[in-house]
Every structure is written in structure tokens, then in C-alpha cells.
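So the chains spell out like this:
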Amino acid sequence: MSQQRMQGQPMIVLGEDSQRMKDEDAQGHNIEAARAVAESVRTTLGPKGMDKMLVSSMGDVTITNDGVTILQEMDIDNPTASMIVEVAETQEDEAGDGTTTAVAVAGELLKNAEDLLEQDIHPTAIIRGFHLASEEARAQVDEVATEVDADDTELLTKLAETSMTGKGAEQHKSLLAQLIVDAVGAVTVEAEDGSHVVDLEFVKIETQTGRSVSDSELLHGAAIDKDPAHPDMPGEVEDADVLLVNEPIEVEEAEADAQINLDSPDQLQEFLDKEEERLQEKVQQIADAGADVVFCQKGIDDLAQHYLAKEGILAARRVKKSDLQFLKEVTSANIVSDLDDFSGADLGHADVTRDDEDDMFLVEGGDDAYGVTVVIRGSTDHVVDETERGMGDALDVVANTVADGRVLAGGGAAEVEVARRLRDFADSVEGREQMAVEAFADSLELVPRVLAENAGLDSIDTLVDLRAAHADGDAHAGLNVFSGDVVDTFDAGVVEPAHAKEQALSSATEAATLVLKIDDIIAAGDLSTEGEEEEGGPGGGGMGGMGGMGGGMGGMM
């Protein structure tokens, strides 16, 4: 009898505070959370995209429309939403740009998948269809892409300008794009197989406030944000022999605790004289080697500063390790670790000048120097930060394109053309996966729709016009958001990197399929948020509502 009663009782295997969400509820919850993230960055897409003001818990303010920056700064604690943030981070790491596109497409894929789920199409069929569509879409991107030569500076400049359009750097994009193309060209080497390798680690970015963005410049060398160690040192040295040292120019301290017993003031004076003599010897060694300029990673004793100034040697102390490594490439010098064992052969050569307005040294190497510095200037910290973000993305875009060698027409042209080809491909796909392929094609057309919406245009009319143009064979037909017309965006100079587009499609697909594959959520705590409980429904707490759809769930029975 007792056995029968036990069989009729539900088995509780989770803790009292745990919650579980299954099947349609779990899928709906995850899709809503992912779409909430995508919606948060959609309005930033394109030249007419808006900015977001992000205020941290410490009160720090960031104003940007850079997708990955927005998502990283947002206080997101929903696990599904965090997976979508990872899409943006992966896109940023792999391609440098296209983060907003990747996240927005992932959100649209899930939206369309939800419609398919409501038609009783199994998630596995949708996932298979999405993977088929993703592979075909990336193949078609390669088909519609145009090859670009690493020496085609005109096209690369247009590429950089397109990347910066709509961002804080847009007003001066012509100047900044030229700086970026020149910087990438300076650190590009051709491999034996004819491909190009771009060493972006040898492109440094320095920022300065108080001047206009138009005063930004490219320095074929390094900018070291340091002051001379002593006021009597020279301000600049042409054709200087440069010493890079990573040990302190000071008297060595005892390795262990030590005591010195002195019996008289004379002994103290003798001890001090010995220290002074040792410092003098170190400086003399530097002078005898022929060094005109010294960059030291560690400290320089006050007395050593005095002796260096007397010798007419310019010195800077506490130089960052990364700057010292960069100076090694610029000056062709060796980094000295022991001042008792170095020679003139370890010295490098450069012109060292002092920029008093920006309080930094400008170190320009010779013809064989390798390494450039982009000095970004702006009136305020906010302007400089947003300009730096825009230029950083454009730098990655140009570098990846030089290495990859392919570009696409922008303004939604690539997405509409690939979507058109995907619909033709869907006819050859059997089963319910065909509907998923068509849903994937519809998701791609989100990009021109959002571009139109953000420009205040009618998205439906725009999409109809674009589809008609592509049906007539114009593969480069895209939206001019300033005039509202459908134009050949490639000829108009609106170009995008093919590598970034392929990566965005791959990242968005993987994120969407990862979310769709989940049919059960088991949480140790409450899945709902405070905001939802107060408002009585999902999403009531604004972005806090990303915890969504926790209402009505009890402990697992």
C-alpha cells in the first residue's frame, strides 16, 4: 500500500528555491532575452544610427554607437543575453567591425525561428536549415565580393571612411581614413606566396585632449608620453644614438636586509662619496658608448639625472615596457639589461623631438625603422575616446581587408543579393529545412530595413526597391541613406570588408542555433527579476527585464 502511494507521489529532486522552465517556455524565454540584446543596439546601425549614453555604477559616462562597447558596458546578468554579447566580442576579435550587424542578425534569426516553432517545426530542423543557409550564404559572399589589391589606397580609403561613417570620427573621416591607410601600409609585408601580412602590433595609438580632431597625425616612429628627467636636459636631439635600458640607473641595493655600522661622520661621507662615484661611473659608461638619448624602463637616481644633464644627454624614466619594445623596432636598438656590459653596437638611431604642446617625445626612426604611431587629438575626453573607437575599428577593417583581399558593396547591397541567392538555393533543399533557409534569407534583409528605419525612411518601400534592382541584375544596388535612393553603392564608395561579413554570418548563426538547441532551463534561484514582479510581466524592469518570463514557475516537481 505504501509502495503504491510512493509511486503516485511526484519526486522532488531540486532545492526549494530552484526553478525549471521547459520546452516552449524555455525557448520563448531564451529568444526573448536574446532579442532584447539585439534590440538594444539596432538603432546604432548605419550612418544615421543614434548613440547610447552608458553610465557605470561609478558614474563614468561613455557616449558611443559602437556595438561591442555598448554590450560590454551594459549590466547584463541573463545567461542567454550574455551568449549574444559573446557574439559581439567574437566579431570584434576576429574582424574588428560588424558587431552590431552580427548581433542584430542573430536576434532576427531567433525572431524568425520563433515563427517556425509556432508552426510546429522542430528546432532540430530549423538548426539544420540555418547551418545549410549559413554555409551557402558565406559561399555567396565570396561570389559577390570584389578583389582588392593591397596597393589600391583609393579603395582602402573608401573602406576606412565607410567604417567610420556614423561614428564620432565621421566629421574628419577623410583625414583619419588617410592616416589609417598610411599606417597599415607602413606595417604590411608581402609573404613569399604573394599574400600580405599586416603587423598591427607595430601600429600604436596615442591620444591627446585639448586640440581639434583635424590635428591628428601619423608619426613614422613612436610618441612617448614622458617629460625629460631633468630640466637642464636638451629638448630635442637630431640623428641621436638611442640607449634603451630596462634596469634602474641607480646604486644597487643590497639583496637582503643589511646593516652598516659607521663610527664617524667621515665614514658616512666616504660611503656617500662611493655611491656618488658609482653613479658617475654608470653615466660615464653611457656617455662613452656614445648615447645621446636614454629611455629607461625603471627609475633614474636624482644624482644620475644631474650627471646625465651635465653630459648633455636627454633621458626619460619610467617608460612603459610596451613603449620600450616599440622603441626597439623604431630605433633598431637592443634593450640593455646590464649597464656594465653593453657597447655602442646596442644603440639605435632616431630623431628625438619634444612636443611641448602635448607633453611628449616624438621619436622618428630611419628608413629601416618599423612601426608607426597614430596620434589622435580631440577637444574633450569623450570626443577622443569615441574617435579612438572609430579609428580602431577602421584600422582592423583595413588591415583584415589587405590580408583577405576582398570587399563588398555596402548599404545593404550584399545582404539583399545574398538573400536573393539563398531563396533560389532554398528550392533545392528538401524537407522543412527549406523554410529555415528562407527564414535565414529574410533575416539578412534586416540590415537594409534597419538602415532605412534609422535614416527615417520607409523600410518596406526601401526593401521592395532593393529587391527589384537586384532582380534586374544589379548586384551592387544598395541604399543611399542620405538621399533615400537606391544606388550602386560600390561606385559611390560605400564598401565593406568581405571577411567581416562572413564572420558576422557565422557568429550570428552559431549563437542562434545555440539558443534554439536549449529546451530546458534549470536555475538554482529565481529566474524572474524584481522589475518583472513589480510590473507583473516579463521585461517590466527595462534592461533588467532580460531575466524575462520567470512568472508562474514553481520548484521542480
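- Per an unreviewed UniProt entry, the protein goes by the name Thermosome subunit and belongs to Haloglomus irregulare.
- Under the Sequence similarities (unreviewed entry) heading, UniProt states for the protein: "Belongs to the TCP-1 chaperonin family."

### Description of the overall build of the protein
- What the protein contains, in helices and strands, is 18 helices and 21 strands.
- In the protein, which comprises 557 residues, the share counted as buried stands at 49%.
- Looking at the protein alone, contacts between residues at least 24 apart form 75% of all its contacts between residues at least 6 apart.
- Within the structure as shown, the protein displays about 26,400 Å² of accessible surface, and the carbon and sulfur contribution to it stands at 43%.

### Observations regarding the nonpolar core
- Residues Leu243, Ile249, Ile286, Phe295, Val352 and Val363 are the most contacted members of the largest nonpolar core, which totals 78 residues.
- With residues up to four places along the chain from it excluded, the contact list for isoleucine 249 reads Leu279, Ile286, Val294, Cys296, Gly299, Ile300, Asp301, Ala304 and Leu339.
- Val37, Ala88, Leu110 and Leu444 belong to the second-largest nonpolar core, a separate cluster that totals 67 residues.

### Some thoughts on the sheet that holds strand E4 (residues 146–147)
- One open sheet holds the three strands; their spatial order is E4-E17-E20, and the pairing between them is antiparallel. What marks the edges here is a single partner per strand, and that holds for E4 and strand E20 (495–497).
- In this structure, strand E17 (residues 406–409) lies alongside E20, joined through three bridges in antiparallel fashion. In the strand pairing of E20, leucine 408 is matched with glutamate 496.

### Side note on the sheet that holds strand E7 (residues 203–209)
- Strand order in the open sheet formed by three strands is E7-E16-E8, and the pairing between neighbours is mixed. Each of the sheet's edge strands pairs with one partner strand only, and the pair in question is E7 and strand E8 (217–219). The mean inter-strand angle of the sheet, taken between neighbouring strand axes irrespective of direction, is 25°.
- Along the sheet, helix H8 (residues 173–186) makes contact with E7, E8 and strand E16 (372–378), crossing E8 at roughly 15°.
- Each of E7 and E16 touches helix H11 (residues 321–331); the most contacted strand, E7, lies at about 125° to it.

### A short note on a nonpolar patch on the surface
- Where nonpolar side chains cluster on the molecular surface, the patch consists of Met53, Val55, Val61 and Ile63 and spans about 340 Å² of accessible area.
- Counting only elements with at least two residues in the nonpolar patch, the list comes to strand E2 (52–55) and strand E3 (61–64).
- Structurally, methionine 53 is set in strand E2.

### Re the pattern of salt bridges
- Throughout the structure, instances matching the rule amount to 26 salt bridges.
- Of the charged contacts in the structure, one is a salt bridge between glutamate 433 and arginine 128, with a shortest N-O distance of 2.5 Å. Here arginine 128 lies in helix H6 (residues 123–144) and glutamate 433 lies in helix H14 (residues 433–444), a separation of 305 residues in the sequence.
- Residue class for arginine 128 comes out partly exposed when judged on its relative accessible area of 45%.
- When salt bridges with common partners are traced through the structure, they connect Asp142, Asp404, Arg406 and Glu502 into a single cluster.

How each quantity is defined
Residues numbered from 1 in each chain as written. Predicted model: local features only at pLDDT ≥ 70, side-chain atom pairs only at ≥ 80, totals over all residues. Heavy atoms only, no water. UniProt positions renumbered as here; feature names shortened; annotations may be inferred. Helix = DSSP H or I, 4+ residues; strand = E, 2+ residues; numbered from the N terminus. Buried < 20%, exposed > 50% of the residue type's maximum accessible area, 1.4 Å probe, protein only. Contact = heavy atoms within 4.5 Å. Areas by Shrake-Rupley, 256 points an atom, 1.4 Å probe, with all protein chains shown as cover. Core = buried A, V, L, I, M, F, W, Y, C linked by side-chain atoms within 4.5 Å. Pairing = 2+ DSSP bridges. Axes fitted to C-alpha atoms, helices over the stretch in contact; angles between N-to-C directions. Patch = residues over 30% accessible without salt bridge, like charges linked within 9 Å, V, L, I, M, F, W, Y side chains within 5 Å. Salt bridge = Lys/Arg side-chain N within 4 Å of Asp/Glu carboxyl O.

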